[in-house]
Amino acid sequence: MDTNMCKLEAKDFKSDQYVRWCPGCGDHAVLAVLHKAMAEVGIPTHRTAVISGIGCSSRLPYYMNTYGFHTIHGRAAAIATGVKTANPDLSVWVISGDGDSLAIGGNHFIHAIRRNVNLNIILFNNRIYGLTKGQYSPTSDRGFISKSSPYGTVEDPFIPAELCLGARGKFFARAIDVDMKNLQYCMQESAKHEGASVVEVLVNCVIFNDGIHRSYAMKDVRDDRTIMLQHGEKMIFGKDRNKGLVLDGLKLKAVTIGEDGYTIDDVLVHDAHEPDVTMHNMLAMMGGELPIALGVIRDVQDISYEKAVHQQIADVQAKKSQRTLEELLLTDSYWEVK
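Residues numbered from 1 in each chain as written. Predicted model: local features only at pLDDT ≥ 70, side-chain atom pairs only at ≥ 80, totals over all residues. Heavy atoms only, no water.

Trainee: Summarise the nonpolar core; cite the residues concerned and give the values.
Mentor: In terms of nonpolar packing, the biggest core is built from 38 residues, with Leu 119, Ile 227, Met 235, Leu 245, Leu 283 and Met 286 touching the most fellow members. Ranked by residue count, the leading element in this core is helix H5 (residues 160-166), at 4 residues. Once residues lying within four places of it in the same chain are set aside, the contact partners of Ile 227 are Met 235, Ile 236, Phe 237, Leu 245, Met 286, Pro 291, Ile 292, Ala 293 and Leu 294. Counting 32 residues, the second-largest nonpolar core is a separate cluster that includes Ala 39, Trp 93, Ala 191 and Val 199. (Core = buried A, V, L, I, M, F, W, Y, C linked by side-chain atoms within 4.5 Å. Buried < 20%, exposed > 50% of the residue type's maximum accessible area, 1.4 Å probe, protein only. Helix = DSSP H or I, 4+ residues; strand = E, 2+ residues; numbered from the N terminus. Contact = heavy atoms within 4.5 Å.)

Quick look at the structure:
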């Protein structure tokens, strides 16, 4: 992307609006990091558009000193596709929640990814409907008790990474709201990527789903329950940096380096640019006995939708001579209605 880099600060992207999120909500951290990330990327505010759907997270465009559009439920990706296709020079960000993008907006979400529209999609995942006061969402676990499932849900959840990669996604990253350093890195890498990019942010809802990410997000367990992936580096994790991921047949396995015959040479190296999605899918789906993967999991370049559209228009125009409106209307077959 030609960013026309200029010196910007986080405050340049802040609006003068009061931020209407609950105190302690993880959305505050995402907003603060987004301001910093946009400043680091260096695309001016007048060349940036932030599009959202409906939900707590979708209030975010009001807090940006950029172009913005607070659209309707589930339609942010569709409207953002139109914005980007009509004006490819804009840096377009989509702000959406797990309910907004994966339920009513699921169709638009997967097709924006499949088409590879150059959008930066920030998916706030708190595994609950917060704005409508605590119903279970498409990412809530089976058995989850909520106002709309008082005896527990009987559905299996979507895993955003699985959905994204299944839709032929070229970029997927994951971050936790309390790890602002990794979150900013993921956002900046998303902005650099040409094509649809999804950054899933594991956000805490302090009112309706407090602590849902506690088992791996808390500082005292995070080193052992998560793994920070870096392209070209060994997949090592743990408080003592002595654990790693290896292949055990066709599955990933967590081992302790120096035990059971495993050495550092056995630990896998992360390749975010590998076109084959198999390893990226395995990493993105980890959990349970394996650590949750954070950072940029997949980053593969391909032509973006809007570039392909404009290239097609240019190719067709080059093959056909320019004609007046009258010629367009009367040259080819037509019918006269009397």
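Trainee: I'd love a proper account of the environment of Asn 204, names of residues and values included.
Mentor: With respect to the helices and strands, the residue Asn 204 is situated in the loop between strand E6 (197-202) and helix H7 (214-217). Of the residues examined, Asn 204 reaches a relative accessible area of 19% and is grouped as buried. Along the primary structure Asn 204 and Tyr 185 are separated by 19 residues, whereas in three dimensions their C-alpha atoms are 20 Å apart.

Trainee: Can you lay out the sheet that holds strand E9 (residues 243-248) for me, pointing to particular residues and giving the numbers?
Mentor: The strand order E8-E9-E10 describes an open sheet built from 3 strands, whose pairing is antiparallel. Strand pairing shows two members of the sheet lacking a second neighbour, strand E8 (236-237) and strand E10 (251-256), which therefore form its edges. Direction of pairing for E9 relative to E10: antiparallel, over a ladder of 6 bridges. When the bridges of E10 are listed, Gly 244 appears paired with Val 255. (Pairing = 2+ DSSP bridges.)

Trainee: Lay out the sheet that holds strand E2 (residues 67-70) in plain terms, naming residues and giving numbers.
Mentor: Two pairing modes exist for strands in a sheet, parallel and antiparallel, and in both the strands are linked by backbone hydrogen bonds. One open sheet accounts for 8 strands, arranged E2-E1-E3-E4-E6-E5-E11-E7; its pairing is mixed. Taken across any chain shown, the strands that pair with only one partner, and hence form the sheet edges, are E2 and strand E7 (226-229). Neighbouring strand axes in the sheet, compared pairwise and without regard to direction, differ in orientation by 20° on average. Pairing geometry for strand E3 (residues 91-97) and strand E4 (residues 120-125), over 5 bridges, is parallel. Bridge pairing in E4 links Gly 97 to Phe 124. Along the sheet, helix H6 (residues 180-192) makes contact with E3, E4, strand E5 (171-176), E6, E7 and strand E11 (292-299), crossing E5 at roughly 160°. (Axes fitted to C-alpha atoms, helices over the stretch in contact; angles between N-to-C directions.)

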